[in-house]
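Given next are the chains, with one letter for each unit.
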Amino acid sequence: MHTYIKPGTHIILRLPSGAMKIVEAIPNTTISISKFGSVPVNLLLGRPYFRTFEIADKTTDGDAPRLRVVPTSELNAEVLAEDAPDAETAEEKTEPAEGFDIVADDGSVLMKNNRLTVDDASRQTLTMQEIEELKKAGTGSGKEIIEMIMKSHANLDEKTKFSLAKYTLRKTKKYMRRFTVLPVDVSTLAEYMVLEKEASRIMELREECIGLIGSWAHAHYGGASQLHQSTEGTRVGGGRVLVVDETGGLVLASLAEKMDLLYEPEGQENEDEAAQAQDSSTNGTTTHPQAADDDTSMQDVTASTGAAEHVPEESVPTTEAERQRQGHPKRKKPAHRHKGNLATTNTIHLIHANAQPNISMLKYFGYDPNNPTPNHPLHNHLKPLSWLQLLDPAADATYEEPEKVDPQVLETWKSGKRGAYYKKRRRWERCKSIVDETREGGFDSLVVASAMEPATILKHAVPLLRGAAHVVIYSPTIEPLTELMDLYSRDRKAAYIAHLADESTTDPPPEEDFPVDPRLLLAPTLQTSKVRQWQVLPGRTHPMMTGRGGAEGYIFTARKVVPVEGKIEARGKFSKKRKLNA
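Please read all numbers here as calculations on a predicted model, not as lab measurements.

Novice: An account of the overall build of the chain is needed here, citing residue identities and associated values.
Specialist: Scanning the chain from terminus to terminus reveals 19 helices and 20 strands. Looking at the chain as a whole, 37% of its 582 residues qualify as buried. The contacts of the chain with a sequence gap of at least 6 include a subset with a gap of at least 24, amounting to 69%. Put simply, the chain shows about 35400 Å² of open surface, and 51% of that area lies on carbon and sulfur atoms.

Here it is as C-alpha cells:
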C-alpha cells in the first residue's frame, strides 16, 4: 500500500461527524465534501495519508479554498490538557450548593449535577436562519460558527464539565470544516459499505468477520512456496485458495491482501517512468516522468530545457547487446509482469455463476477486471471460472478449441482479422489452463460467501481440496449453517458409514438423506463475533447505548479429511494391566 497520495488512486475522506466518502484523486479536478464545499485535488497529491486537513479562511471571495494541516496537539487538545482547575472553577466551588450538587462538609461544590437542567431549544438565542447565513458566508473553517453558538447559549453555565464537553464536541462535529484522508484498505472499505452504502451488496459483512475468514482460511503470503505432486497425484502447496464470492469481491480482496496480491508493487511506477525517460532521452524527445529522482542524469535535465543534441535514428541501439556496448544501462523488467502467463503459486481461483465475475470492489485497489493492468499482481494470480466450466466444461463455448488456421492462410488475412484470430486463441488457452488446473484439485482452502445453499457448493468443491485443507463458509443468517452442521454431524456420519458397511445392499446412500459425504469434513464448528463500541473517557467509560442493527453474521469452519479405504484392524501384542495393591 502506498504511504502517500498518488494520482489516480482512490482515497477515503472521513468527516468529523464520522461520515465517509470515497473519491478518486484525479489531478486538476475538485472534490465535493458534502456541506463544506469543494477542495482541489492538487492540494492533496503527494501528501501522506492519515493527515487531518482544515479548510482555511479565504483571503478574497474569488480565491480557491486553502488547506491547513491540523497538528496532533490540536486534535488531542482535550486529552492532553491538564485537569487542573482554573480560576472560574475555583470560584464555583466557593459558591453555595443548589439542587442535587455534590458538596463537601464546608459547603463547597465538589461536582455539579445537571438533573434540574432543562435542555430547551429556546435557550439558544441564535436562530437557524442566522446559522445558515454564517455557513453560506464560507469565510471561516467553522470555528466562528461554534464560538457564536456557544456565546448565544443562555444557560451554558448550568452544564457540568462532562455535558459541556459533549455539547462542544457535538457542535464541532457538525460545523468544523475538517476531513481526514485515509487509504482504501479492506477494513475501511467494509466500514464504508456498511455505514454509507447498501450493506446487502456485501452480505452485511463486518470487519471482525473478515478477520475470522482470513484466519480460518489460513491465507498468508508464502513467497518460497512451491507446487509439488502428492501421493495421490494432485498438486499441493503454493497457497492455492478456492473462492466462491458474492460480496462484490470484498472477500476476495481480503484474501488477496493476506497473500500479498492486492496492491501493486511500490517501486513499479518508478521503474516504468525511468525506462520511459531513458527511451525519450535516447530518441531526443522531451518526455519525462512527472517527478524526477535525485539521481536523474544530466542528459534528461538538458533535454527538458531543449539543449540536448538530436540523436540520429541510425545511432539508436536496437538490441540489448548494442545498448550495453554503447554504455546504456540495462532495462529492468517489472516484478509482476509475466506477459500473460498465469502464475503457479499463491493463486486464487474464483468460481462465479454469471458470464463474468462480479468483483467491482477491486476497482478501489487499482484492478479493473474489464481493463486489467498487466502490472497488477491479480492479473496473473486471479483465475476466474464459471460453475458451468467447472462441472461440464464441454458445454461451454469458451472452453471449446477454435478452429486452427494454417500459417500460410493467416498471411493472406488482413491485420484486423488476424489479430481477432490470435485474441480468440489466447482466450481459449487461458480458459483451458484455468479450468484444467481447477478441476485437478489440490487446493489449500475453500472460502465461500454466497447466497446459494452451502450443501450444493460443498458437494462439488470439497473433493477439490487436499487433505487437511481448511473450509470456511460465511452466512449473514444462522439457518443455512445449522443445516450444514447437521449434514456433517457425528450421527449422520455414523449412519453413512453403517450404510456402506451393510453387505446386504449395494445401493449408494440415498441422496435425500446424504446430499454430501459426511466423512470428508472433520470437526465442523459454527461461530460468530461482533465487536461492541465503547466510549472510553476518564470517568465516563460505558458501552454505546445505540448501534447499527442488521444481520449478525456466522461462520462455519471445518477440515478436509481423506477417508480410509478398506477395513481397519488393530494388530500387536497387548499385555494385561497389573493390579496394584492399595
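Novice: Before we move on, could you go through a positive patch on the surface and cite the residues and values that matter?
Specialist: Side chains of Lys 423, Lys 424, Arg 426 and Arg 427 sit close together on the surface and give a patch of like positive charge. Of note, Lys 424 is situated in helix H16 (residues 415–440).

Novice: Hey, could you go over the environment of Tyr 421 for me, with residue numbers and the actual values?
Specialist: For Tyr 421, the location among the structural elements is in helix H16. The spacing of Tyr 421 and Glu 403 is 18 residues in sequence and 9.5 Å in space, taken between C-alpha atoms. Setting aside residues no more than four positions away along its own chain, Tyr 421 makes contact with Glu 403, Lys 404, Val 405, Leu 410 and Trp 413.

Novice: Hey, could you go over unusual backbone geometry for me, with residue numbers and the actual values?
Specialist: The backbone of Met 203 shows a phi angle near 60°, a positive value even though the residue is not glycine. Counting through the fold element by element, Met 203 comes out in the loop between helix H7 (186–195) and helix H8 (207–216). What makes Met 203 buried here is its relative accessible area of 11%.

Novice: Residues and numbers for the nonpolar core, please.
Specialist: With 46 residues, the main nonpolar core has Leu 189, Leu 255, Ile 348, Leu 362, Phe 365 and Leu 382 as its most contacted residues. Sorting the residues of this core by element identifies strand S2 (20–24), H7, H8, strand S12 (241–245), helix H9 (250–258), strand S13 (348–352), strand S15 (443–449) and strand S16 (465–475) as the ones contributing at least two each. With sequence-adjacent residues up to four places away left out, Leu 362 is seen in contact with Gly 249, Leu 252, Ala 253, Leu 262, Tyr 367, Leu 378 and Leu 382. Phe 443, Ala 469, Ile 473 and Leu 484 belong to the second-largest nonpolar core, a separate cluster that totals 33 residues.

Novice: Describe in detail the confidence of the model for the chain, supporting the description with residues and values.
Specialist: Averaged over every residue, the pLDDT of the chain is 76; residues scoring 70 or more account for 67%. Here residues 81–100 is a poorly scored stretch, pLDDT under 50, and it has 14 contacts once near neighbours within four places are set aside; other chains count.

Novice: Which residues make up the pattern of salt bridges, and what values do they have?
Specialist: If you walk through the whole model with that rule in mind, you get 12 salt bridges. We note a salt bridge from Arg 425 to Glu 401, for which the minimum N-O separation is 3.4 Å. Taken as a pair, Arg 425 in helix H16 and Glu 401 in the loop between helix H14 (387–391) and helix H15 (407–412) lie far apart in primary sequence, 24 residues in all. By relative accessible area, which is 11% here, Arg 425 ends up buried. Linked by salt bridges that have partners in common, Glu 54, Arg 68 and Arg 178 make up one network.

Novice: Explain helix H18 (residues 479–487) to me, using residue names and the numbers behind them.
Specialist: Of the residues making up H18, those classed as buried are Leu 481, Leu 484 and Leu 487. Along the axis of H18, the buried residues cluster in a sector spanning 110°; they form a single face. Summarising the contacts, the buried residues of H18 are in contact with helix H17 (454–461), S16, helix H19 (490–501), strand S17 (521–527) and strand S20 (554–560).

Novice: How would you sum up the environment of Ile 149? Please name residues and give values.
Specialist: Its place among the elements puts Ile 149 in helix H5 (residues 143–152). The class of Ile 149 is buried, set by a relative accessible area of 2%. Considering only alpha carbons, one finds Ile 149 and Gln 124, 25 residues apart in sequence, at a separation of 7.5 Å.

Novice: Describe the side chain of His 379, and please don't skip the residues or the numbers.
Specialist: Tracing the backbone shows His 379 in helix H13 (residues 378–381). In this structure, His 379 is in contact with Tyr 367, Pro 372, Thr 373, Pro 374 and Arg 430, ignoring residues within four places of it in sequence.

Novice: Account for the packing of aromatic side chains, with residues named and values stated.
Specialist: In the structure shown here, the tally under the stated rule is five aromatic pairs. Both rings, one in Tyr 496 and one in Phe 514, keep their centres 5.2 Å apart while their planes meet at 75°; by these two values the pair is edge-to-face. Taken together, the residues Tyr 496 in helix H19 and Phe 514 in the loop between H19 and S17 connect sequence positions 18 residues apart. Residues Tyr 496 and Phe 514 agree in their burial class; the two are buried. Connected via pairs of aromatic rings, a cluster forms that spans Trp 413, Tyr 421 and Tyr 422. Positioned above the aromatic ring of Phe 443 is the side chain of Arg 240, whose terminal nitrogen or guanidinium carbon lies 4.4 Å from the ring centre. One cation-aromatic arrangement involves Lys 417 over Trp 413; the distance from NZ or CZ to the ring centre is 4.4 Å.

Novice: Break down the sheet that holds strand S5 (residues 52–55) for me, with residues and values.
Specialist: Pairing is antiparallel in the open sheet, where five strands are placed in the order S2-S1-S9-S5-S6. The open sheet has two edge strands, S2 and strand S6 (67–69), and neither has a second partner. Adjacent strand axes in the sheet meet at a mean angle of 35°, parallel and antiparallel pairs treated alike. Both strand S1 (residues 10–14) and S2 contribute to a ladder of five bridges, which runs antiparallel. Looking across to S2, one finds that Leu 13 is bridged to Lys 21. Along the sheet face, H7 touches S1, S2 and strand S9 (178–183) and points at about 115° away from the line of S2.

Criteria and thresholds
- Residues numbered from 1 in each chain as written.
- Predicted model: local features only at pLDDT ≥ 70, side-chain atom pairs only at ≥ 80, totals over all residues.
- Heavy atoms only, no water.
- Helix = DSSP H or I, 4+ residues; strand = E, 2+ residues; numbered from the N terminus.
- Buried < 20%, exposed > 50% of the residue type's maximum accessible area, 1.4 Å probe, protein only.
- Contact = heavy atoms within 4.5 Å.
- Areas by Shrake-Rupley, 256 points an atom, 1.4 Å probe, with all protein chains shown as cover.
- Patch = residues over 30% accessible without salt bridge, like charges linked within 9 Å, V, L, I, M, F, W, Y side chains within 5 Å.
- Salt bridge = Lys/Arg side-chain N within 4 Å of Asp/Glu carboxyl O.
- Lys, Arg positive; Asp, Glu negative; His and termini not counted.
- Charge placed at Lys NZ, Arg CZ, Asp CG, Glu CD.
- Core = buried A, V, L, I, M, F, W, Y, C linked by side-chain atoms within 4.5 Å.
- pLDDT = per-residue confidence, 0-100.
- Arc of directions from axis to C-beta.
- Phe/Tyr/Trp six-rings, centres within 6.5 Å; stacked < 30°, edge-to-face > 60°.
- Lys NZ or Arg CZ within 6 Å of the ring centre and 35° of its normal.
- Pairing = 2+ DSSP bridges.
- Axes fitted to C-alpha atoms, helices over the stretch in contact; angles between N-to-C directions.

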